Amino acid sequence: MEKIFKNSKTSSSSSSSVLLNDQEEMNKKIEELIATLPVVSEGSVPHYQFKGCWYPSFAIRGNIAADLHFQAQDSDIFLASPPKSGTTWMKALIFSIVNRNRYPPNERPLLSTHPHILIQFLETGHYRNGNIPENLDQLPKPRLFATHSHYASLSQSIRHSSCRIVYVCRNRLDTFISFFHFLRLHEKNQPDMDATYEKYCRGIIGFGPFWDNILGYWQASLEKPEKVLFMKYEDLKEDLVFEMKRLADFLGVPFSVEEEEEGLIEEISRLCSFEILKNLEVNRTHKPYLEGGAPANAFYRKGEVGDFVNHLDPSMVENLMKITQEKFAGSGLVFKYSIDKLQNS
Ligand code: PAP
């Protein structure tokens, strides 16, 4: 079991109300703050706890920088998700829905650009390594961003502006298996299934604990449905057209009757499908999609609901189901573990 170290210099893990615009000052502030955070150093990379969320070392500086610098605009759209929950798919869908009238079908940017480039993460993209980006104001409106952070750890301007947040999550068993395979694909030291599972169940995993990640957005979606749309991977798999209409309505760009009749929803859903995206040249390569990022093809594995049965033994399934049920008790949250049998929990 890992030791969690807490530096006792200060307990400052809250965001500053003063925005930092100077890179040198930013670097100093980040290092000062990091020195105060609880850290778990065992495993593939150290994890730091900031505002209740565990950040892998490659994301913590970017997250703090975004927290101290990013200013949301009312028209911004955020995609939030725990890792391995359908982020890549939702990036493709959101980008395509919002920009559907900007490009003819054969010039859709998705055909030549990785979804993770079209909508970049704040913490590992725009603010990568704590760098202050220069071009945020020049991004086309609405600006599209992504984050794996918890709702409670989003900067105040994101939570309190009128920007919209789409949240996608997935049943915990498939998410775990997807995560484990992702680590196996690109970690130098091959991860051990039991050790990874144990950390996952304790919540000390990138952007975990998963229950806080999910419950924060679930609660926000119930309190502010005009601000947070809560979606599930399994629902997308089951009825994509229905979910795409729900998404477009929420984003304020509903599909018109003419668009529906022309088959535009089906055209976009096909373009964003696992089979099409996975086989595009830009997504097939083993090269990182972004300098220092994971290989472009690591985001497409099987894309199925229920694959966990092929990898987890029954006691692991039972234990994770039990944790999920306990953590989500009373919330009204239910997940599907198999599309065919509609087995809920
Ligand atoms: P990220 O958090 O690192 O960005 P994310 O995209 O959320 O990863 O999750 C990857 C999972 O989504 C993979 O699931 P699997 O390991 O169980 O196969 C990946 O295959 C799946 N995925 C990616 N694109 C699609 C898509 N277009 N349709 C359905 N599933 C997809």
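Residues numbered from 1 in each chain as written. Predicted model: local features only at pLDDT ≥ 70, side-chain atom pairs only at ≥ 80, totals over all residues. Heavy atoms only, no water.

Novice: Help me get a handle on the site of the ligand, residues and values and all.
Specialist: Surveying the vicinity of the ligand reveals 21 residues, the closest of which are Lys84, Thr87, Thr88, Ser178 and Lys302. Within the side chain of Thr87, a nitrogen or oxygen atom sits 2.6 Å from an oxygen atom of the ligand. Contacts to the ligand include His148, whose side-chain N or O atom sits 3.3 Å from an oxygen atom. Here the ligand has 640 Å² of accessible area as a free molecule, and 97% of this is covered by the chains. Breaking the shell around the ligand down by element, the ones donating at least two residues are α3 (87-98) and α14 (274-279). With three residues, the single largest contributor to the shell around the ligand is α3. (Near = heavy atom within 4 Å. Polar contact = N/O pair within 3.5 Å; in protein donor to acceptor, adjacent residues only side chain to side chain. Areas by Shrake-Rupley, 256 points an atom, 1.4 Å probe, with all protein chains shown as cover. Helix = DSSP H or I, 4+ residues; strand = E, 2+ residues; numbered from the N terminus.)

Novice: Let's hear about the nonpolar core: which residues, and what values?
Specialist: Of all hydrophobic cores here, the largest spans 63 residues; its most connected members are Ile64, Phe70, Ile158, Ile165 and Tyr217. By size, the runner-up hydrophobic cluster in this structure holds 45 residues, among which are Leu236, Ala248, Ile265 and Ala298. (Core = buried A, V, L, I, M, F, W, Y, C linked by side-chain atoms within 4.5 Å. Buried < 20%, exposed > 50% of the residue type's maximum accessible area, 1.4 Å probe, protein only.)

Novice: Break down the sheet that holds strand β9 (residues 228-232) for me, citing the residues and quoting the values.
Specialist: Pairing within the open sheet is parallel, and its five strands lie in the order β6-β7-β5-β8-β9. Only two strands of the sheet have a single partner each, and these edge strands are β6 (120-121) and β9. Bridge analysis of strand β5 (residues 77-80) against strand β8 (residues 164-169) gives four bridges, and the strand direction is parallel. Looking at the pairing, Ala80 lines up with Tyr167 of β8. (Pairing = 2+ DSSP bridges.)

Novice: Please provide a residue-by-residue account of unusual backbone geometry, values included.
Specialist: The peptide bond linking Lys141 to Pro142 adopts the cis configuration, its omega dihedral lying at -10°. Within the fold, Pro142 resides in the loop between α5 (122-126) and β7 (144-147). Residue Pro209 follows Gly208 across a cis peptide bond; omega there is -5°. Mapped onto the secondary structure, Pro209 falls in the loop between α8 (193-202) and α9 (210-223). The backbone of Lys51 sits at a positive phi, close to 50°, despite the residue not being glycine. Along the polypeptide, Lys51 turns up in the loop between β3 (47-50) and β4 (53-56). On the basis of relative accessibility, which here comes to 17%, the residue Lys51 falls in the buried class. Here Phe207, not a glycine, exhibits a phi torsion of approximately 70°, which is positive. Relative to the elements of secondary structure, Phe207 occurs in the loop between α8 and α9. Given a relative accessible area of 6%, Phe207 falls into the buried group.

Novice: Quick one: what's the story with the pairing of β3, residue by residue and with numbers?
Specialist: As judged from the two bridges shared by strand β2 (residues 39-40) and β3, these two strands associate in the antiparallel manner. The partner of Val39 across the bridge, within β3, is Tyr48. Hairpin connection, β2 to β3: the antiparallel pair is bridged by six residues, and Gly43 has positive phi, about 95°. Hairpin connection of β3 to β4: two residues between the antiparallel strands, including Lys51 at a positive phi of 50°.

Novice: Could you give an account of the confidence of the model for the protein chain, with specific residues and numbers?
Specialist: The predicted model of the protein chain has a mean per-residue pLDDT of 92, with 93% of residues at 70 or higher. Predicted confidence for residues 5-17 stays below pLDDT 50, and this span has 21 contacts to residues more than four positions away or in other chains. (pLDDT = per-residue confidence, 0-100. Contact = heavy atoms within 4.5 Å.)

Novice: Quick one: what's the story with helix α13 (residues 264-271), residue by residue and with numbers?
Specialist: Turn by turn, an α-helix covers 3.6 residues, leaving residues three or four places apart pointing in a common direction. Of all the eight residues making up α13, six are buried; the element is thus mostly covered by neighbouring parts of the structure. Among all positions in α13, only Leu264, Ile265, Glu267, Ile268, Ser269 and Leu271 are buried. For α13, the secondary structure elements touched by its buried residues are α3, α11 (240-250), α12 (257-262) and α14.

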